[in-house]
Amino acid sequence: MPKKKTALTIEERLQQALVPAEEQPYEVPENWVWVRLGEVVDILNGDRGKNYPAKSTLSKEGIPFISATNLCDNIVVEDDLLCMSEEQYNKLSAGKLRRNDIVLCIRGSLGKHGKFTFEKGAIASSLVIVRSKDRDVLTDDYVMQYLDVPLFYDEIKKYDNGTAQPNLAAKNLELFLLPLPPLSEQQRIVERIEELFAKLDEAKERLQEVAESFAVRKAAILHKAFTGELTKQWRRENGVSDESWEECTLKELSSVIGDGLHGTPVYSENGDYYFINGNNFDDSFIAIKESTKRVSIEEYKKYAVNLNDNTVLLSINGTLGKTAFYNGEPVILGKSACYINVGEKLDKRFLKEMFHTNAFINYANQKATGSTIKNLGLKAIREYLVPLPFLPEQHEIVRLIDDLLARERKAQQTAEQALASIDLMKKSILARVFRGELGTNKASEASALELLRQVLAEN
């Protein structure tokens, strides 16, 4: 008869759990140890058998059934949460959740994770449950922080065996490397991270307000510009009356207002001319894209309209209000492109900025026809009343708008750069924390080796 395998002693299991020095990615404090993740946590798959509930059988009420879509910002969110019945839950042979379990995605969005805060639930097959074997040895909060560190994502890259989509096997997840500090140090680490991240999140919130409020600040600037408030001081200094502004229809201020071809030209793959629409307008420029269709010179001659240095282009179908200037590009216009050739009383830059005001956008939406795809007719454009100062004041308004918006864009860019740096700072903090470099470790505390010995003895 074959001999029965002799059970490993605690010391033999301890050596098996520890990561050999040559495999350790970096040094940690002396009272820390490197271990395999599977030695200190249980990694539990969901039920993949016949009792796995079909999505069509789930509802909005019952016991939460968690999928990757419910994981956001390290928590299990309730948005779009589907639930199973008590009967379905009782039939499951695996994947049942307890409060404070960690849920981790191992298929598709690898590494996405969150803490489960409901009383009970179950996981989809693309997830696993990560559960500390002994919370007196390894805290859930420390594990949660570990799942955000660069080391963890390095391990994911190492063990990802997916082809059509990223995939991790639970058995490989057990091999991941984890720096294990003493229990008290784990608690201090979590507290320190939360303290630092709270300050960073507060700064991030303020920066996001700056970055996201650019449109609001731009609208305020344009409102002041086209109600005369922005140049009130300029008028005083130049002896211009506040009553000098008048209202004129756009038709009165333009030599022609028209649109492009209401149809499809014959395309030519090697043509030298482009068929453009409102989606090619990029504020002051016509954006010729790789996908922009080309036409031959014959088609160009057939459909070309009178565009010149005084032309302002406006999108009037789909997305209303996009603008551009004509700068000699070899183009013909489609039906969503309106062209306005301004007269001598109107600065084209002044008109372009006016098209970006809430006053015009609201007017355009009110006058537009169509429910899903908006269309602004030429009649409504011709009838729009333009608040009109004399040309010198128009020039000053454009100058001030350019100057103020340049400052606002700089503030927005600075805020966006600072936001990116905050995310980098968080990653840096996490990397340092899991190296024992934040000054929280106490060398006098008993080594985590004893913790590991304890968990092995109890399991």
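What you are looking at is a predicted structure, and each value in this text was computed from that prediction instead of being measured.

K.L.:
How do you make sense of the pairing of strand E1 (residues 33-36) when you look at a structure like this?
P.N.:
The side chains of a regular strand alternate between the sheet's two faces. Residues Val33 and Val35 of E1 are buried on one face, and the alternating residues Trp34 and Arg36, pointing to the opposite face, are buried as well. Relative to strand E12 (residues 177-180), E1 runs antiparallel, the two being bridged by four bridges. Note that in E12 the partner of Arg36 across the bridge is Leu177.

K.L.:
What should I look at first to understand the pattern of salt bridges in this one?
P.N.:
Pairing is possible between side chains that carry opposite charge, provided their charged atoms lie close to one another. Applying the stated criterion to the full structure yields 28 salt bridges. Note that Lys352 and Asp283 form a salt bridge whose closest N and O atoms lie 3.2 Å from each other. Here Lys352 is found in helix H10 (residues 348-354), whereas its partner Asp283 is found in the loop between strand E16 (281-282) and strand E17 (285-286), with 69 residues between them in sequence. For Lys352, a relative accessible area of 5% gives the class buried. Three or more residues are tied together by salt bridges with common partners; here these are Glu11, Glu450 and Arg453.

K.L.:
What exactly am I supposed to notice about unusual backbone geometry here?
P.N.:
Peptide bonds are mostly trans, and most non-glycine residues show a negative phi. Within the chain, Asn100 stands out as a residue other than glycine whose phi angle is a positive 75°. Looking at where Asn100 falls in the secondary structure, it is placed in the loop between strand E7 (96-98) and strand E8 (102-105). Of note, Asp283 is a non-glycine position whose phi angle comes to about 65°, a positive value. Looking at Asp283, the relative accessible area reads 30%, which means it is partly exposed.

K.L.:
What exactly am I supposed to notice about the environment of Thr292 here?
P.N.:
Inspection of the secondary structure puts Thr292 in the loop between E17 and strand E18 (293-295). With a relative accessible area of 11%, Thr292 lands in the buried category. Considering only alpha carbons, one finds Thr292 and Tyr273, 19 residues apart in sequence, at a separation of 9.9 Å. Here Asn280 takes part through its side chain, which lies 3.3 Å from a polar atom of the side chain of Thr292.

K.L.:
Honestly, the sheet that holds E8 in this entry has me stumped. Any pointers?
P.N.:
Strands belonging to one sheet form pairs held by backbone hydrogen bonds; the direction of such a pair is parallel or antiparallel. Across the sheet, which stays open at both edges, the six strands sit in the order E2-E11-E8-E9-E5-E4 with mixed pairing between neighbours. The strands lining the two open edges of the sheet, one partner per strand, are strand E2 (41-45) and strand E4 (71-72).

K.L.:
Would you take a moment to explain the environment of Lys426 for this structure?
P.N.:
Structurally, the position occupied by Lys426 is in helix H13 (residues 391-433). Judged by relative accessible area, which is 16%, Lys426 ranks as buried. Through-space distance from the C-alpha of Lys426 to that of Val149 is 9.3 Å; in sequence the pair is 277 residues apart. Excluding anything up to four places from it in sequence, Lys426 contacts Phe197, Leu200 and Asp201. In this structure the side chain of Lys426 is engaged in a polar contact, spanning 2.5 Å, whose partner is the side chain of Asp201.

K.L.:
What is the right way to look at the nonpolar core in this model?
P.N.:
Nonpolar side chains in soluble globular proteins tend to end up buried together. Within the largest apolar cluster, 56 residues are counted, with the highest numbers of intra-cluster contacts made by Tyr146, Phe152, Leu173, Phe176 and Leu452. Here this core gets six residues from one element, more than from any other, and that element is helix H6 (residues 183-212). Excluding residues within four positions of it along the chain, Tyr146 makes contact with Leu37, Leu151, Phe152, Phe176, Leu177, Leu178, Pro179 and Phe434.

K.L.:
So what exactly am I meant to see when it comes to the side chain of Asn341 here?
P.N.:
Of note, Asn341 is situated in strand E22 (residues 337-342). Once residues lying within four places of it in the same chain are set aside, the contact partners of Asn341 are Ser254, Ser255, Val256, Asn306, Asn308, Asn310 and Thr311.

K.L.:
Where do I start with the sheet that holds strand E10 (residues 120-123) in this structure?
P.N.:
Taken in spatial order, the four strands make up an open sheet running E6-E3-E10-E7, and their pairing is mixed. Lying at the two open borders of the sheet, with one neighbouring strand each, are strand E6 (82-84) and E7. Each strand axis lies, on average, 45° off the axis of its neighbour in the sheet, ignoring direction. Judged from the three bridges that link them, E7 and E10 form a sheet pairing that is antiparallel. Residue pairing in the sheet places Lys96 in a bridge with Ala122 of E10.

K.L.:
Even after reading the chapter, I still don't get the packing of aromatic side chains, so can you show me in this structure?
P.N.:
Describing an aromatic ring pair means giving the distance of the ring centres and the angle of the ring planes. Tallied over the entire structure, the rule returns 16 aromatic pairs. Aromatic side chains Phe116 and Phe118 sit 5.4 Å apart centroid to centroid with 50° between the ring planes, which places their arrangement in the tilted category. For the pair formed by Phe116 and Phe118, the shared burial category is buried. Look at Tyr142 and Phe434: their rings are 4.9 Å apart centre to centre, the planes differ by 35°, and that puts the pair in the tilted class. Remark: Phe434 occurs in the loop between H13 and helix H14 (448-458) and Tyr142 occurs in helix H3 (residues 140-146); sequence separation between them is 292 residues. Summarising the burial analysis for this pair, Tyr142 and Phe434 share the class buried. Site record: aromatic cluster; members linked through ring pairs are Tyr142, Tyr146, Phe152, Tyr153, Tyr159, Phe176 and Phe434.

K.L.:
Which parts of the structure should I look at to understand the packing of H6 against H13?
P.N.:
In helix packing, the relevant descriptors are the interaxial angle and the interaxial distance, both defined with respect to the helix axes. Axis separation between H6 and H13 bottoms out at 9 Å; the angle between their running directions is 170°. Taken together, the axes of H6 and H13 lie roughly antiparallel to each other. Within the contact of H6 with H13, the residues separate by chemical class into 18 nonpolar, two polar and five charged.

Parameters at a glance
- Residues numbered from 1 in each chain as written.
- Predicted model: local features only at pLDDT ≥ 70, side-chain atom pairs only at ≥ 80, totals over all residues.
- Heavy atoms only, no water.
- Buried < 20%, exposed > 50% of the residue type's maximum accessible area, 1.4 Å probe, protein only.
- Helix = DSSP H or I, 4+ residues; strand = E, 2+ residues; numbered from the N terminus.
- Pairing = 2+ DSSP bridges.
- Salt bridge = Lys/Arg side-chain N within 4 Å of Asp/Glu carboxyl O.
- Polar contact = N/O pair within 3.5 Å; in protein donor to acceptor, adjacent residues only side chain to side chain.
- Contact = heavy atoms within 4.5 Å.
- Core = buried A, V, L, I, M, F, W, Y, C linked by side-chain atoms within 4.5 Å.
- Axes fitted to C-alpha atoms, helices over the stretch in contact; angles between N-to-C directions.
- Phe/Tyr/Trp six-rings, centres within 6.5 Å; stacked < 30°, edge-to-face > 60°.
- Parallel < 35°, antiparallel > 145°, perpendicular 65-115°, else oblique.
- Nonpolar A, V, L, I, M, F, W, Y, C, P; charged D, E, K, R; others polar.

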